[in-house]
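Results of the structural survey
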Amino acid sequence: GGSVGLPTGQNATPIRRVRVPDVKTLQRVVSQHPQLDWDPRMAELAGSEGDVLQDDLSDDTSRVCVRTSTSNMTAWLPTSALIRCGEAGPKGPARASGATPASGARR
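Procedures and definitions
Throughout, a residue's number is its position along its own chain's written sequence, starting from 1. Predicted model: local features are reported for residues with pLDDT of at least 70 only, side-chain atom pairs are reported and counted for 80 or more only, and whole-chain, interface and lining totals are derived from all residues. As a rule here, side-chain values cover all heavy atoms of the structure and leave hydrogens and water aside. In DSSP terms, a helix is any run of H or I states spanning at least four residues, a strand is any run of E spanning at least two, and both are numbered starting from the N terminus. Burial classes: relative accessible area under 20% of the type maximum marks a residue as buried, over 50% as exposed, and values in between as partly exposed (1.4 Å probe, protein chains only). Residue contacts follow a heavy-atom distance rule, with two residues in contact if any of their heavy atoms lie within 4.5 Å. For two strands to count as paired, DSSP must find a minimum of two bridges between them. To define a nonpolar core, start from buried Ala, Val, Leu, Ile, Met, Phe, Trp, Tyr and Cys residues and group those joined through side-chain atoms within 4.5 Å. In what follows, salt bridge is the name for a side-chain nitrogen of Lys or Arg lying within 4 Å of a carboxyl oxygen of Asp or Glu.

**What to know about the overall build of the chain**
Check the secondary structure of the chain and you find 1 helix and 5 strands. In the chain, the succession of helices and strands from N to C terminus is β-α-β-β-β-β. For the chain, the proportion of its 107 residues judged to be buried stands at 33%. Within the chain, contacts between residues separated by at least 24 positions form 64% of all contacts whose residues are at least 6 apart in sequence.

Below, the structure is given as C-alpha cells:
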C-alpha cells in the first residue's frame, strides 16, 4: 500500500462507498499505520466520498478511488478510518425496504 495518485484506468467493481475523514485525522491515521506513508496529495482526498475497490485484511487497509475536481485518485488508506456511506448518504433513502442499489451490494 501507500501509493497515491495512480491513474484509475482499471474498472474495478466498487465494494462499498465511503467518506474519507478530515485532513488532520487522515494524516494522523496514515502516519501511525505501519504499512502506509503520508503523501501530501492525500490531503486532496480528505472529506471526499469514494469507492473502496479492494480490502487488504492482512494490514487493515483499503484501496479507495476518489473523484476530485481535478482528477481521479486512488490511495491505500486505513480501513478503520473510513466512514461508511449509505445510512445517511445523499445518494438515496436511508430506510429503503426494497432491494439495495447495485453499488451497495455485498459479495
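**Section: the sheet that holds strand 3 (residues 61–67)**
The 5 strands are arranged 4-3-2-1-5 in an open sheet whose pairing can be described as antiparallel. Of all strands in the sheet, those with a lone pairing partner are strand 4 (72–78) and strand 5 (83–84), marking the two edges. Where strand 2 (residues 49–56) lies against strand 3, 6 bridges are found, and the strand directions are antiparallel. Bridge pairing links Asp51 to Cys65 in strand 3.

**Side note on the nonpolar core**
Ranked by size, the top nonpolar core spans 15 residues in total, and within it Val20, Leu26, Val30, Leu45, Val64, Leu77 and Leu82 carry the most contacts. At the level of elements, helix 1 (23–32), strand 3 and strand 4 are the ones that each hand at least two residues to this core. Here the element with the most residues in this core is strand 4; it accounts for 4 residues. Each residue touching Leu82, except ones within four places of it in the same chain, is listed here: Val18, Arg19, Val20, Val52, Ser62, Val64 and Leu77.

**A short note on the pairing of strand 1 (residues 16–19)**
The alternating pattern of strand 1 places Arg16 and Val18 on a buried face, while none of Arg17 and Arg19, on the opposite face, is buried. Relative to strand 2, strand 1 runs antiparallel, the two sharing 4 bridges. In the strand pairing of strand 2, Arg19 is matched with Glu49. Strand direction decides the pairing type here: strand 1 and strand 5, joined by 2 bridges, are antiparallel. When the sheet's bridge partners are listed, Val18 is paired in strand 5 with Arg84.

**A closer look at the pattern of salt bridges**
By the definition in use, this model includes 5 salt bridges. Note that Arg19 is salt-bridged to Glu49, the shortest N-O span being 2.8 Å. With Arg19 in strand 1 and Glu49 in strand 2, the pair connects residues that are 30 residues apart, well separated along the chain. Using a relative accessible area of 32% as the deciding quantity, one classes Arg19 as partly exposed. For Arg41, the salt bridge goes to Asp39, with nearest N and O atoms at 2.9 Å. The exposure class assigned to Asp39 is buried, which follows from its relative accessible area of 17%. Three or more residues are tied together by salt bridges with common partners; here these are Arg17, Arg19, Glu49 and Asp51.

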